[in-house]
Structure formats: C-alpha cells, structure tokens
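# Commentary on secondary and tertiary structure
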Amino acid sequence: MSTKYMLVALGHLIAVSVVLKVLQLILPCCITCYYTCAATSLMAVIVAKMTFGLTKKKLLAERIQPDNRAVLITGCDSGFGHNLAKQLDSKGFHVFASCLFSDGPGADDLRKSCSKRLQILGLDVSKDESVKDALEFVKENLGTSELWAIVNNAGIVKGYSVELSNMQSFKDTFEINTFGVVRVTKAFLPLLRQSRGRVVNLCSLAGRIPLSHCTAYTMSKFAAVAFTECLRQEMSVWGVKVVSVEPECFETGLTKPENICNTIEATFADIEEDIRSDYGDQYLKGLKENFVNTVRICSSKMYKVLNALEDAISLEEPDYVYRPCRNIVFSAFFKLIELIPRPLNDFLRCNVYATITGFPTPKEASNS
C-alpha cells in the first residue's frame, strides 16, 4: 500500500472523527451522554470504513494508461473471463484471452467482436505443459507491450455434500480452482516483477463464508483466498500488487440451472448404495431442487464484477479485496453473516434457513 493511499485513508478517518465529535457537541446531551471516548472512536472507524469508497472515488481515482500494457486472462470461453476480455480490449489493453477450447464458440466470438490487439491462446490451467506453452506464446507475442496483469478467472463447480461426493470431485475442483491459480501465477511472476504489475485472482465470497453442501468448491476458494493473501505480502517488496475479487452469486455458465442439474446428477450417479439408502431418493431430489432454486436468484448485474476486475487492473491504487454484490442490502447481509458468532451462524443456517427454504432431511437422520 502506497504512502498516498495511507494518507488518504488516515485523512478520511480523521475527518469522520471530527464530524462525529462536532455532532456530539451540538446534539442534545441526552443523546450523547452515554457515548464514551472508546465508543466514539469505534463508531468513527465503522463510519469511515463504510464511507471510504466515496473518498477513494474522488482522491484515488487515477488509472494507468493501457497503451503497451498486456493482460492475460484465463477461462475466456464464457462468463466473466469472456466479457472481461471484451471490456479490456475496448479500453485499449493488449489482451491475451486464454480459452480451454481455442477453436470453440467463445473464442470465435472474441475473434469476431474484438480488435486485432486481442490474441487468443489455448490454455488448460490444470496441465503444467499447457501453462509453459502459454508462457512462451505470451513472450513471443508481447511485441512492444509489457505484461501488466494476469487474471486468474478459470474455475469449475464439482461435487456437493461431502458424503455424496467422490474424492475425484475434490481433486478436480482443487486442480482448477486452486492449483491452477498457483500454476499460472508462478509461471508469469517473473514477467510481472519486471513490469511491477498485478496479479488479480477471481476468488469468491465462498472463500470467506463457508457454503455447506458445496464443500469442494468452498474449500478450493478458501485456499485461493489464502494464497492471494500470502502472495500479496510476498510480492510487496517487488512492487507487484495482488488483488482478490470475491463476488457473491452472479449469473454465469457455472450457475445456469441446466448446468447445475447436470453436475448434480453426475455427482449423485457415483454415490455408494449404502450412502444412497441412508439419505434416500427424496432427499437427493430435494437437494437438487434447492440448488436449482438458489441459482435462479443469482444476480444478473455482471457489470459489478467486471468493473471490480477492471479497477483491480487499472487503478493506480487498487483495493486489496473487492467484494462485488448486487446492492448494499446484500453486501451488508453477507458482512453480517461473516461477523456473527459461529454457533448463531450455524443455528440460522442449519435451522432457520433450512425451515424457510424447505431444505430436505436425510431419511435415516429423521428416523434417528
């Protein structure tokens, strides 16, 4: 974090403290008498944190020039990666859009809709050799540009409840969502150290708040968040900024109801018979319906995530963490869920939420 950023943050905190102190002096004594110095200071910190975004937009809005700066994005076949490639290309960046299927419909759409600056390459983040080939491709095609940022966007959802998922689902999820991030980052760090650029990891709110019954995905995102936090501290001496973007549930290919149905059915097909018997077909059917209903309320405001990713890449002073949510109500709700004590959290999610949503109970659990 730069000196300018810290000075702006400190100045904002002092200004909020002064405003609260003035209010304390001018408001009737009956309103303010119970405040202590500690309570006022705590309130100042809370209010400052809630309003700092407005100050940043005014005093920390400078952006780097995209000319001769290249950005590598993984997972551009669809979703966030696909749309981010288009957005950055339109802003003048030299985009390397890596796709699992470089001749697929997503890659073809990018070729047709973007400028000639954008280059498409095949990349399977789970394969060491594929990442090495991607590195060589980028080096050979940088031209007069420097590699300014990588965006680790590629990800999958596979496996659900622990007892209903096989070990391969856990391994496959980690191979893409966690080890893929590490693999790509390690390969491109030498170029990023030269440019003093950015590593931007698209993590998830599920990397901070446990998402039960989607355990493999949640584990992989917690690991990705931890990797990002550690790497940020390690890279600070090199001047490389490392940013985590952690959105809530947005509409992408991963959250399409039909895709969720397919992955759930594939997961359930491998359940051992004694486990299936204990849970019961009615439970499995109810679990599938619950997941499908949940993804139906995902936000359609994809631009929130795309703008956060662009800010992480192009702002002179990006935040460490971006948490794009559909609106302030959802943002406050998720923050509350993260802060409340674990026993209360578990009660609300395992009892209250389950009752409201009609979450099913395993057959043998209801008999015990």
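The preceding data block contains the structure.
The sections below set out a description of the structure shown in this document. Because the structure is a prediction, the values reported are computed rather than measured.

Cut-offs and rules
Residues numbered from 1 in each chain as written. Predicted model: local features only at pLDDT ≥ 70, side-chain atom pairs only at ≥ 80, totals over all residues. Heavy atoms only, no water. Axes fitted to C-alpha atoms, helices over the stretch in contact; angles between N-to-C directions. Helix = DSSP H or I, 4+ residues; strand = E, 2+ residues; numbered from the N terminus. Parallel < 35°, antiparallel > 145°, perpendicular 65-115°, else oblique. Contact = heavy atoms within 4.5 Å. Nonpolar A, V, L, I, M, F, W, Y, C, P; charged D, E, K, R; others polar. Core = buried A, V, L, I, M, F, W, Y, C linked by side-chain atoms within 4.5 Å. Buried < 20%, exposed > 50% of the residue type's maximum accessible area, 1.4 Å probe, protein only.

In the contact formed by helix α7 (residues 167–177) and helix α8 (residues 179–195), the axes pass within 3 Å of each other and the chain directions differ by 30°. When the axis of α7 is compared with that of α8, the two are roughly parallel. Between α7, through Phe174, Glu175, Ile176 and Asn177, and α8, the contact on the second element is made entirely by Phe179, Gly180, Val181 and Arg183. Grouping the constituent residues of the contact of α7 with α8 by class yields four nonpolar, two polar and two charged.

With the exception of glycine, the majority of residues adopt a negative phi angle, and the majority of peptide bonds are in the trans configuration. Even without a glycine there, the phi angle at Asn68 is positive, about 60°. Examined against the element boundaries, Asn68 turns out to sit in the loop between α3 (37–59) and β1 (69–73). Of note in this structure, Arg196 is not a glycine but carries a positive phi near 55°.

Let's shift gears to the side chain of Ser204. Considering the arrangement of structural elements, one finds Ser204 in the loop between β5 (198–202) and α9 (215–235). For Ser204, the residues in contact, after removing those within four places along its chain, are Tyr217, Lys221, Val245, Glu246 and Pro247.

Let us look at the nonpolar core. Inside soluble globular proteins, nonpolar side chains tend to come together where they are buried. Within the largest apolar cluster, 34 residues are counted, with the highest numbers of intra-cluster contacts made by Ile73 and Ile313. Among the elements of the structure, β1, α4 (79–90), β2 (94–99), α5 (105–113), β4 (146–152), β5, β6 (241–245) and α13 (302–314) are those that each provide at least two residues to this core. Looking at this core element by element, the count peaks at seven residues for α13. Not counting the four nearest positions on each side in its chain, Ile313 is found in contact with Ile64, Val71, Leu84, Leu88, Phe93, Trp148, Ala149, Val151, Arg198 and Val200. Phe96, Val181, Phe227 and Val240 belong to the second-largest nonpolar core, a separate cluster that totals 27 residues.

Nothing here speaks to function; it is geometry throughout.
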